[in-house]
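# Topology and contacts: notes
Here's the letter readout for the chains.
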Amino acid sequence: MRTKVAIIGGGPSGLILSQLLDLQGIDNVVLERKTQEYVLKRIRAGVLEQGLVDLLHTAEVAEPMLKNGAMHDGFQICYNGRSARIDLKGLVGAGVMVYGQTEITRDLYAARKAMGGVILEEAEVTNIEGIHTKQPKVHFSRGGENHQLACDFVVGCDGFHGASRQAIPAGDLKTFEKVYPFGWLGILSETPPISHELIYASHDRGFALCSMRHSNLSRYYLQVPLSDRVEDWSDDKFWHELRLRLPTEVAKNLVTGPSIEKSIAPLRSFVCENMRYGNLFLAGDAAHIVPPTGAKGLNLAASDIHYLSNALIQYYHDGDESGLDGYLETALKRVWKAERFSWWMTSLLHKLPSGAGENGDFTHRMQTAELDYIFNSPAALKSLAENYVGLPY
Ligand code: RFL
Ligand code: PHB
């Protein structure tokens, strides 16, 4: 089996890349270890920057998003019992699109199918051979048998736990990581959202986030200790805790109901600086992870795919390798800025353990001072808004 670009992973990164290349007549094959049904059950991102919205237009899959997504011109931050609005549109002239990653993935699978794209489900990549040659080979197992896919380039879109990054020898890897001492417990419920905009709440009991997918589907998160398990959290316990973490006038609008999904995600910042290694390119969560507080994970995956798809198209159409040679530097610059923002927003809003040498809740006082500063400084508010809507590509 042979193709031009072997794409490992059928999540949003891999599917968008596959679609963009196919639209330019560039052969590619997607290898996905799970079934499509399984991939579509994962509940993840919901806030899209304009760059991702534009990319979905280029990929010719924007129609369902335009019909069912909602533009948000601002969001709320609650702290110390009060609530303040970040007027994104007023501050930086742009908003964000609220539309689920699950829906984007479903739209992409439908588009790939309509174009006759090759996506091999339940195909688990085990090894990449000849990364430094002009004809690398991707080894994968499917239906109990081993197969090979020969190609010009391999793109690792296989998420944090995938095989592509592991194909880089340990001695050559340049990775950076911070693991946070808490996780997010998320639930999805078929209830109207508490507000028409997202609410980020900082509270002594821990952080909470009120988000949504549409007018009758809400997504809520609570900061929880890493030792907590989903079984420890009944729906009633979740709703009770959420109410406690919101200002009273906000909490009174909460409509509760049975959860239809409940999961705990650990929070991590991670960058693998080898976004190019020979003829292997890494994109999305395979190369970097951000804590979800700034809603940047999927959006960073999109900017990687924007740079990489343009570079591959330039190579196949004009024989010009400069985009491929520049990918690592261009993508990494944006990655580190989004890492900084996600780390900062996480540190600003979560209940943090005291740092070394601290006493009397020093960290909490710092957070309150910073929030007071932000809401009284047009410059600070603008910086927050500029990063939240997404830095330019
Ligand atoms: P994915 O989505 O993890 O897809 C990788 C795919 O690769 C497959 N795979 C393999 N296939 C073949 N062989 C192998 N050996 C393989 N190993 C793995 C996997 O089965 C999978 O299908 O990575 P991708 O495409 O890079 O997409 C990244 C995004 O999923 C991720 O960044 C976001 O979901 C992060 N994120 C958010 N991002 C935002 O931009 N806005 C948000 O509001 C937002 N909220 C979130 C989030 C992530 C969360 N969790 C659970 C981590 C909220 C949460 C709770
Ligand atoms: C979500 O709706 O899942 C979501 C929204 C905003 C975030 C993180 C997750 O910052």
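Residues numbered from 1 in each chain as written. Chains lettered and ligands numbered in written order. Predicted model: local features only at pLDDT ≥ 70, side-chain atom pairs only at ≥ 80, totals over all residues. Heavy atoms only, no water.

## Overview of the nonpolar core
The biggest cluster of nonpolar side chains holds 73 residues, and the ones touching the most others in it are Leu31, Leu48, Leu56, Val138 and Leu312. The element best represented in this core is helix H9 (residues 297-318), accounting for 9 residues. For Val138, the residues in contact, after removing those within four places along its chain, are Ala6, Ile8, Leu31, Val125, Asn127, His147, Gln148, Leu149, Cys151 and Val154. If you look at the next biggest cluster of nonpolar residues, it comprises 34 residues, including Leu198, Tyr221, Phe341 and Ile374. (Core = buried A, V, L, I, M, F, W, Y, C linked by side-chain atoms within 4.5 Å. Buried < 20%, exposed > 50% of the residue type's maximum accessible area, 1.4 Å probe, protein only. Helix = DSSP H or I, 4+ residues; strand = E, 2+ residues; numbered from the N terminus. Contact = heavy atoms within 4.5 Å.)

## Some points on the side chain of Glu261
As for its position among the elements, Glu261 is in strand E17 (residues 259-272). Accessibility expressed as a relative area gives 19% for Glu261, which makes it buried. In terms of polar contacts, Glu261 uses its side chain to reach the side chain of Arg219, at 2.9 Å. Within the structure, the side chain of Glu261 is placed 3.0 Å from the side chain of Ser263, a separation counted as a polar contact. Sequence-distant contacts of Glu261, defined by excluding residues within four places in its chain, comprise Ile43, Gly186, Ile187, Leu188 and Arg219. (Polar contact = N/O pair within 3.5 Å; in protein donor to acceptor, adjacent residues only side chain to side chain.)

## Focus on the pairing of strand E6 (residues 82-86)
Sheet topology places strand E5 (residues 75-79) next to E6; 5 bridges connect them, and they run antiparallel. Opposite Cys78, over in E6, you have Ser83 as the bridge partner. (Pairing = 2+ DSSP bridges.)

## Structural notes on the site of ligand 1
For ligand 1, the set of nearby residues contains 33 residues, the closest of which are Glu32, Arg42, Gln101, Asp285 and Leu298. Here an oxygen atom of ligand 1 sits 2.6 Å away from a polar atom, N or O, in the side chain of Glu32. One of the side-chain nitrogen or oxygen atoms of Arg42 is found 2.7 Å away from an oxygen atom of ligand 1. Counting residues per element, the ones that place at least two in the shell around ligand 1 are helix H1 (12-23), strand E9 (123-129) and H9. Considering only residue class, the shell around ligand 1 consists of 14 nonpolar, 10 polar and 9 charged. (Near = heavy atom within 4 Å. Nonpolar A, V, L, I, M, F, W, Y, C, P; charged D, E, K, R; others polar.)

## Focus on the domain arrangement of the protein chain
Looking at the protein chain, the domain boundaries give domain 1 (5-72 + 94-177 + 268-346) and domain 2 (180-267 + 353-389). The gap between the C-alpha centroids of domain 1 and domain 2 is 28 Å. Between domain 1 and domain 2, the residue contacts involve 28 residues of the former and 22 residues of the latter. For the pair domain 1 and domain 2, the summed buried surface comes to about 2100 Å²; carbon and sulfur atoms form 64% of the total. Considering only the side of domain 1, the residues that lose the most area to domain 2 are Ile43, His72 and Trp344, jointly responsible for 26% of the buried surface there. Seen at the junction of domain 1 and domain 2, the total is 0 salt bridges. Put simply, domain 1 and domain 2 have 6 residue pairs in polar contact (both at pLDDT 80 or more) between them. Contributing elements (two or more residues each) for the side of domain 1 that touches domain 2: strand E7 (96-98), E17 and helix H10 (322-349). The leading source of residues in the side of domain 1 that touches domain 2 is H10, at 6 residues. Residues that form the side of domain 1 that touches domain 2 fall into these classes: 13 nonpolar, 9 polar and 6 charged. (Domains from an automatic or database assignment. Buried area = accessible area lost by both parts, 1.4 Å probe. Salt bridge = Lys/Arg side-chain N within 4 Å of Asp/Glu carboxyl O.)

## Here we look at the site of ligand 2
For ligand 2, the set of nearby residues contains 13 residues, the closest of which are Tyr200, Ser211, Arg213, Tyr221 and Pro292. Thr293 places a polar main-chain atom, nitrogen or oxygen, 3.1 Å from an oxygen atom of ligand 2. Ala295 is positioned such that a nitrogen or oxygen atom in its backbone is 3.4 Å from an oxygen atom of ligand 2. Sort the elements by how many residues they give to the shell around ligand 2 and strand E15 (residues 208-214) lands first, with 3 residues. Residues of the shell around ligand 2, tallied by class, amount to 8 nonpolar, 2 polar and 3 charged.

## Considerations on the sheet that holds E15
Strands in a sheet are paired, the pairing made by backbone hydrogen bonds, and the direction either parallel or antiparallel. In spatial order, the strands read E6-E5-E14-E15-E16-E13-E17-E20; together these 8 strands make up an open sheet with mixed pairing. Among the strands making up the open sheet, the edge pair consists of E6 and strand E20 (288-289). Two strands pair when backbone bridges link them, and strand E14 (residues 199-201) and E15 are joined in this way by 3 bridges, in the antiparallel orientation. Each residue of the ladder has a partner; that of Tyr200, found in E15, is Leu209. Taken strand by strand, H10 contacts E5, strand E13 (175-189), E14, E17 and E20, and its axis lies near 125 degrees from that of E17. (Axes fitted to C-alpha atoms, helices over the stretch in contact; angles between N-to-C directions.)

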